[in-house]
Amino acid sequence: LAFRAISRPSSVTALDNERSLDSRTKAVQQFLRRIEPPLTLKGARVLDVGSGYGALCFYLAENGAKSVVGMEVNPSLVEFTQSLLTGPCAHLANRVGFHLVADIDELDECDFDLIMCQDVLIYIQDLERFAAALVERMKPGGRLAIGMSPLWYSPWGGLIKHTTWLPWAHLIFPEEFFTERGHMFFGDSHMALRRFLSVMRNSGLEEQHIRSEEHTS
């Protein structure tokens, strides 16, 4: 199952990366607080799908995870996170690793206690195959924690708030309306909650907790 890497502008600097890491660290803490029952991190082997700036991986390792594997499709982000393991996060180098993986089937590692997917699934076109690949890499009784960007039929689906303050605009106007204004949907799979839950259940997963939040500002 292939992800598509979104290229980053060549003007992005190390300082931009550091600021993004700081911002993501705050978002990670908020994300983890929403999960019930709380995740057991002590001694856990964790896979972070779409590790980005590495904020979640580093946070989990700092808070008890035995080992954390970050899987990312963007070469510049993998290069950035790996550089941190020889710099400010060198004390975690023996427990955190980042891998450039364009297809989850390329990842040979398995038997994870915990798999994390934050802001990834709306870009997955073949959700059934993706869910099956996650289950194959989990230990029996393992947990899968998912955080999702606004779903397609929510007021801000397609992350349109970056372009307009008009809710549901992506359902009203054609895609050209957004591309002309510099907004790209980057392969948004138009995920609906009903389909998502159906696929997860059919993959042998049982939901423990579902929390939905409406973003009004």
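Residues numbered from 1 in each chain as written. Predicted model: local features only at pLDDT ≥ 70, side-chain atom pairs only at ≥ 80, totals over all residues. Heavy atoms only, no water.

## Describing the overall build of the protein
Here is step 1 of the chain: Counting its regular elements, the protein contains 7 helices and 5 strands.
Here is step 2 of the chain: N-terminal to C-terminal, the α/β element order of the protein is α-β-α-β-α-β-β-α-β-α-α-α.
Here is step 3 of the chain: The proportion of buried residues among the 217 residues of the protein is 42%.
Here is step 4 of the chain: Residue pairs at least 24 apart in sequence account for 71% of intrachain contacts in the protein once pairs closer than 6 positions are excluded.
Here is step 5 of the chain: Of the accessible surface of the protein, which amounts to about 12,000 Å², a share of 51% is contributed by carbon and sulfur atoms. (Helix = DSSP H or I, 4+ residues; strand = E, 2+ residues; numbered from the N terminus. Buried < 20%, exposed > 50% of the residue type's maximum accessible area, 1.4 Å probe, protein only. Contact = heavy atoms within 4.5 Å. Areas by Shrake-Rupley, 256 points an atom, 1.4 Å probe, with all protein chains shown as cover.)

## Notes on the nonpolar core
Here is step 1 of the chain: Formed by 29 residues in total, the largest nonpolar core has its most connected members in Leu32, Leu60, Val96 and Met116.
Here is step 2 of the chain: Residue assignment for this core shows that the elements contributing at least two residues are helix H1 (14-33), helix H2 (55-62), helix H3 (75-84), strand S3 (96-100) and strand S4 (112-118).
Here is step 3 of the chain: Top element by residues in this core is H2. It accounts for 6 residues.
Here is step 4 of the chain: Non-local contacts of leucine 32, meaning those with residues more than four positions away in its chain, are made with Leu39, Leu56, Tyr59, Leu60 and Met116. (Core = buried A, V, L, I, M, F, W, Y, C linked by side-chain atoms within 4.5 Å.)

## Considerations on the confidence of the model for the protein
Here is step 1 of the chain: Of the residues in the protein, 85% have a pLDDT of 70 or more, and the chain-wide mean is 82.
Here is step 2 of the chain: H1 is the least confidently modelled element of the protein, averaging 76 in pLDDT, while strand S1 (residues 45-49) averages 97, the highest of any element.
Here is step 3 of the chain: Residue range residues 1-12 is modelled with pLDDT below 50. Its contacts to residues more than four positions away, or to other chains, number 31 contacts. (pLDDT = per-residue confidence, 0-100.)

## Remarks on the sheet that holds strand S5 (residues 138-147)
Here is step 1 of the chain: Across the sheet, which stays open at both edges, the 5 strands sit in the order S3-S2-S1-S4-S5 with parallel pairing between neighbours. In this open sheet, the two strands that pair with only one neighbour each are S3 and S5. Mean inter-strand twist for the sheet, computed between neighbouring axes without regard to direction, equals 20°.
Here is step 2 of the chain: Direction of pairing for strand S2 (residues 67-72) relative to S3: parallel, over a ladder of 5 bridges. (Pairing = 2+ DSSP bridges. Axes fitted to C-alpha atoms, helices over the stretch in contact; angles between N-to-C directions.)

## Some thoughts on H2
Residue pairs spaced three or four apart in an α-helix point in one direction, given the helix's 3.6 residues per turn.
Here is step 1 of the chain: Within H2, 6 of the 8 residues are buried, leaving the element largely enclosed by the surrounding structure.
Here is step 2 of the chain: Burial in H2 covers these residues: Ala55, Leu56, Cys57, Phe58, Leu60 and Ala61.
Here is step 3 of the chain: Glycine 64 sits one or two positions beyond H2 and adopts a positive phi of about 115°.

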